[in-house]
Every structure is written in structure tokens, then in C-alpha cells.
Amino acid sequence: MDIAGILQRLPHRYPFLLVDRITHCEPGSHITGLKNVTMNEPFFQGHFPDYPVMPGVLILEALAQLSGLLAMRTEDADSLEKDKRLYFAGIDDARFKRPVLPGDQLILAADLIKHRRDIWRFGARATVDGALAAEGTLTCAIKAV
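Rules and cut-offs
Residues numbered from 1 in each chain as written. Predicted model: local features only at pLDDT ≥ 70, side-chain atom pairs only at ≥ 80, totals over all residues. Heavy atoms only, no water. Pairing = 2+ DSSP bridges. Helix = DSSP H or I, 4+ residues; strand = E, 2+ residues; numbered from the N terminus. Expected span 1.5 Å × (residues − 1). Buried < 20%, exposed > 50% of the residue type's maximum accessible area, 1.4 Å probe, protein only. Core = buried A, V, L, I, M, F, W, Y, C linked by side-chain atoms within 4.5 Å. Contact = heavy atoms within 4.5 Å. 1 Å grid on protein atoms, 1.4 Å probe; cavity = no way out; pocket = protein on both sides within 12 Å on 5 of 7 lines; lining within 4 Å. Points joined across faces, edges and corners; volume = space filled by probe spheres on them. Axes fitted to C-alpha atoms, helices over the stretch in contact; angles between N-to-C directions.

A. Representation of the pairing of strand β6 (residues 131-144). Bridge count for strand β3 (residues 84-96) against β6 is ten bridges, and the pairing is antiparallel. Pairing of Phe88 across the sheet is with Cys140, part of β6.

B. View of helix α2 (residues 56-74). Taking 1.5 Å per residue, 19 residues should reach 27 Å; α2 reaches 27 Å between its end C-alpha atoms and fits that length. Summarising burial for α2: 15 of the 19 residues are buried, a large majority.

C. Just the nonpolar core, in detail. If you look at the biggest cluster of nonpolar residues, it comprises 37 residues, and the most contacted ones within it are Ile22, Ile31, Met54, Val100, Leu106 and Leu108. Contributing elements (two or more residues each) for this core: β1 (21-26), α2, β4 (105-116), β5 (119-128) and β6. Ranked by residue count, the leading element in this core is α2, at ten residues. Apart from residues no more than four positions distant in its own chain, Leu108 is found in contact with Leu18, Val19, Ile31, Thr32, Gly33, Leu34, Lys35, Ala62, Leu63, Leu66, Arg125 and Ala126.

D. A look at the layout of surface pockets. Roughly 220 Å³ of internal volume is contained in the largest pocket. Along the walls of the largest pocket sit 14 residues, with Leu10, His12, Leu86, Tyr87 and Phe88 positioned nearest its centre. Elements represented by at least two residues in the lining of the largest pocket include exactly α2 and β3. Top contributing element to the lining of the largest pocket by residue count: α2, with five residues.

E. Spatial organisation of the sheet that holds β6. Ordered in space as β1-β2-β4-β5-β6-β3, the six strands form an open sheet in which the pairing is antiparallel. Looking along the sheet, the strands with just one partner apiece sit at the ends: β1 and β3. When the angles between neighbouring strand axes are averaged without regard to direction, this sheet yields 20°. Across the sheet, α2 lies against β1, β2 (30-36), β3, β4, β5 and β6, angled at about 50° from β4, the strand it touches most.

F. Main features of the environment of Leu106. By secondary structure assignment, the location of Leu106 is in strand β4. The exposure class assigned to Leu106 is buried, which follows from its relative accessible area of 0%. As a C-alpha pair, Leu106 and Val19 span 87 residues in sequence and 9.4 Å in three-dimensional space. Every residue in contact with Leu106, bar those within four places of it in the chain, is listed here: Gly33, Leu34, Lys35, Val37, Met54, Ile59, Val100, Ala126, Thr127, Val128 and Ala133.

Written out as C-alpha cells, the structure is:
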């Protein structure tokens, strides 16, 4: 899925859309994608001016957006796009292992752990050059608009 497909499925827009491409998706199981981290990202102006680092909460948000795309591909995507939204509802066991810097390509991956009614749980991780940057267990909830 390219950026046009992502824009059709997620309500986020620049500067808060944090997934550039989906490289693989197996509905009901697993999804991988990427975020190209560039120096012109607006958050680098203040985080930190002398040593730009992508904020950890934005790495988690990128993983939540990716997980939402997996949920949409697993569920009836048409109904989700029209009258429902997927909301980030929680995170457990979040860990940050290395800084993400301008010029890095953040590889995002999420596995569906559990889905019951409108609650989804994902195991998610972000890597750079094969090294773990962040990981956590995400909970998302589908709610009517």
C-alpha cells in the first residue's frame, strides 16, 4: 500500500501522518511498513535543536497508526472508513532501545495478538538498520463516529 492508500484509510494528515508505506500485510496476522525520518520533520526544531531525536511518543504513534491499518484490513474496511474510527487506547511494556535520528528509515511491524469485539491488541516494534528502536503492546478500540 502506498501513501495514497494510507491516506484513504487513516484520518491523519501531515504533520501527524507517520506511516509512509505498507510493505507487507497479512490480514488477521501481521503488517510491516516504514517511516522515512527526515530533518525537515517539524518536531526536530525543538527535540532537540543541537541533537535532533525523534520523540519516543511519535514512534509509538507510528506503530499505532500501522496497527490501525492492520485492523482495517482485517475488519470490514468499508464500514470502518465510513462510520467508525480506530482510537489508540493504551500501551503496555513500552521500551526504547536506541535513538531515531534524521536520515533513519524506521521499519515498523505489528502482530495481532487478540481481537475481541471492538478491542484490538498488537505486539509492535520499530527498528532501524535491523536494531530495535522501540517496542510495546498496543491496545486500540473501534468506536462509532
